[in-house]
Amino acid sequence: MGLIFAKLWSLFCNQEHKVIIVGLDNAGKTTILYQFLMNEVVHTSPTIGSNVEEIVVKNTHFLMWDIGGQESLRSSWNTYYSNTEFIILVVDSIDRERLSIIKEELYRMLAHEDLRKAAVLIFANKQDMKGCMSAAEISKYLTLSSIKDHPWHIQSCCALTGEGLCQGLEWMTSRIGVR
Amino acid sequence: MQRNKQVAMGRKKFNMDPKKGIQFLIENDLLKNTRDDIAQFLYKGEGLNKTAIGDYLGERDDFNIQVLHSFVELHEFTDLNLVQALRQFLWSFRLPGEAQKIDRMMEAFAQRYCQCNPGVFQSTDTCYVLSFAIIMLNTSLHNPNVKDKPTVERFIAMNRGINDGGDLPEELLRNLYESIKNEPFKIPEDDGNDLTHTFFNPDREGWLLKLGGRVKTWKRRWFILTDNCLYYFEYTTDKEPRGIIPLENLSIREVEDSKKPVSKCQCWRVGSALHFLPGGSLGCGYCVHVKRKKRMIPRKTELCKSLTKLAYFCRVDSDSAMGEEAKLCKDTQLATEKSCAGISQAFET
């Protein structure tokens with residue numbers, strides 16, 4: 001009985017979960033965002049502004065915002081963090097040089113009040129490229145294991161082929177049950 | 001002849017792959033490889049796809065960023081308010097959806113805006129952050145994927161402290177919010193030979209209330225003043241105007257109209273010369289009126305229909321915080337008066 005109620009509840013209550021996609025230029029944010037949409041009919045009346053797409057996975061609605069991740073760390077970007085439940089951080093696995101910038105940005109975000117409750121999904125993108133870092137290497141460099149106050153998950157992927165993206169989304173949906 | 005053909009080919013290539021197109025034009029000596037020449041080429045935009053222009057300007061490559069800056073410098077923003085300037089800027093190319101690209105473009109835009117309008121903002125940084133916020137506001141209010149639309153209060157709250165640590169005047173933020181809410185940024189159209197050219201870069205543009213010709217109710221119309229003509233549209237995104245009012249042979253005067261929909265506004269009558277003919281069933285006419293907080297723009301009606309009609313322009317009594325709008329109204333009035341002074345003089349004598 002309780003199960004039925006829970007199911008009905010989830011049907012009616014398809015509340016939207018806010019996701020922000022961050023990462024450096026050229027990491028593959030846009031490609032990933034539009035790969036998520038691949039199997040859906042895209043009926044957007046185009047709007048001037050940043051990319052925002054709704055992704056539905058197993059009845060769970062995610063509203064994904066591309067908010068970049070600004071090189072010019074201006075404090076005002078924080079205003080776009082409010083109510084965020086998930087952060088998707090896209091890492092270019094080839095770009096060893098800028099990994100330190102990513103690390104800095106990641107910890108800056110995690111320390112932010114509005115992101116206190118957000119879970120972090122890290123995509124180690126471009127796994128098809130020669131000489132790329134593995135998810136484990138990136139995890140080690142970013143010292144992900146030291147993050148105790150946010151749920152996190154790292155997923156290797158290749159945005160061009162879509163490999164690994166579903167697993168990432170599945171992790172996100174599984175987190176919603178936990179709440 | 002050969003050259004024209006090659007330029008056309010270069011444009012086609014550009015539309016498919018901007019970088020390759022530019023390279024082709026340079027290799028064939030059709031375009032000089034300098035930031036200014038390329039910017040000029042993009043700014044003129046003849047035969048170019050606006051999305052392709054946006055893609056080129058959005059690249060993170062150093063040279064592309066330089067071209068972006070030269071491109072922005074070709075725009076003239078003097079005396080435009082921030083949203084007007086943004087509307088003009090965002091018409092010249094299709095803004096990419098990547099936040100980082102938007103960020104760079106707004107930074108370049110803000111520099112130019114502050115250069116054209118010294119003293120409007122305390123710092124370029126304030127202008128830049130606010131411009132970015134306006135883009136995000138447009139996204140939130142008009143992207144159908146976003147269901148949770150921010151209220152004006154939230155918009156104001158989000159922009160706390162962006163003025164070098166202080167707040168911007170609430171009135172300013174409210175006006176920006178209203179402007180974007182009522183009027184999303186237009187998706188730029190690609191270069192073609194339609195009327196869009198005429199309506200781009202108008203002398204003045206904005207919302208006015210107009211008294212209907214047949215049905216005597218006040219309707220909100222988007223007016224454009226350009227080439228000595230007033231054009232009006234139902235929506236800003238319309239390609240064809242609903243009517244045109246050539247401003248020659250017209251006289252304009254302020255009138256009292258008890259039925260005007262907003263009490264605290266001025267009413268202007270724009271009449272064709274025929275208006276002064278005895279026995280004319282005048283006074284029906286067209287009314288244009290600006291709602292408070294909106295910019296007023298002149299509009300036009302179809303000449304054939306309007307010969308015996310009058311147009312009224314109403315405007316917000318301005319001095320209250322709406323300095324910009326008031327100025328606009330005045331300019332409109334002046335332009336119109338100038339244009340018709342000759343005729344009405346001839347008529348009266």
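Anyway, here's the lowdown on the structure attached to this text.

Calculation notes
Residues numbered from 1 in each chain as written. Chains lettered and ligands numbered in written order. Predicted model: local features only at pLDDT ≥ 70, side-chain atom pairs only at ≥ 80, totals over all residues. Heavy atoms only, no water. Helix = DSSP H or I, 4+ residues; strand = E, 2+ residues; numbered from the N terminus. Buried < 20%, exposed > 50% of the residue type's maximum accessible area, 1.4 Å probe, protein only. Areas by Shrake-Rupley, 256 points an atom, 1.4 Å probe, with all protein chains shown as cover. Contact = heavy atoms within 4.5 Å. Buried area = accessible area lost by both parts, 1.4 Å probe. Salt bridge = Lys/Arg side-chain N within 4 Å of Asp/Glu carboxyl O. Polar contact = N/O pair within 3.5 Å; in protein donor to acceptor, adjacent residues only side chain to side chain. Pairing = 2+ DSSP bridges. Axes fitted to C-alpha atoms, helices over the stretch in contact; angles between N-to-C directions.

Quick notes on the overall build of chain A
- Looking only at helices and strands, chain A features 5 helices and 6 strands.
- Put simply, chain A runs from its N terminus to its C terminus through helices and strands in the order α-β-α-β-β-β-α-β-α-β-α.
- Classification of the 179 residues of chain A by burial places 54% in the buried group.
- Within the structure as shown, chain A displays about 9000 Å² of accessible surface, and the carbon and sulfur contribution to it stands at 58%.

Considering the interface of chain A and chain B
- Facing 32 residues of chain A, the contacting portion of chain B comprises 35 residues.
- Between chain A and chain B lies a buried interface of about 2700 Å² when both sides are counted; carbon and sulfur atoms form 54% of it.
- Where chain A packs against chain B, one counts 4 salt bridges.
- Where chain A meets chain B, there are 12 residue pairs in polar contact (both at pLDDT 80 or more).
- At the level of secondary structure, the elements contributing two or more residues to the side of chain A that touches chain B comprise α2 (29–36), β2 (52–57) and β3 (60–68) of chain A.

Re the sheet that holds β2 of chain A
Residues and elements named next belong to chain A.
- Taken in spatial order, the 6 strands of this open sheet run β2-β3-β1-β4-β5-β6, and their pairing is mixed. For this open sheet the edge positions go to β2 and β6 (152–156), each flanked by a neighbour on one side alone. Each neighbouring strand pair of the sheet contributes to a mean axis angle of 25 degrees, computed without reference to strand direction.
- Bridge analysis of strand β1 (residues 16–22) against β3 gives 7 bridges, and the strand direction is parallel. Along β3, the bridge assignment pairs Ile20 with Trp65.

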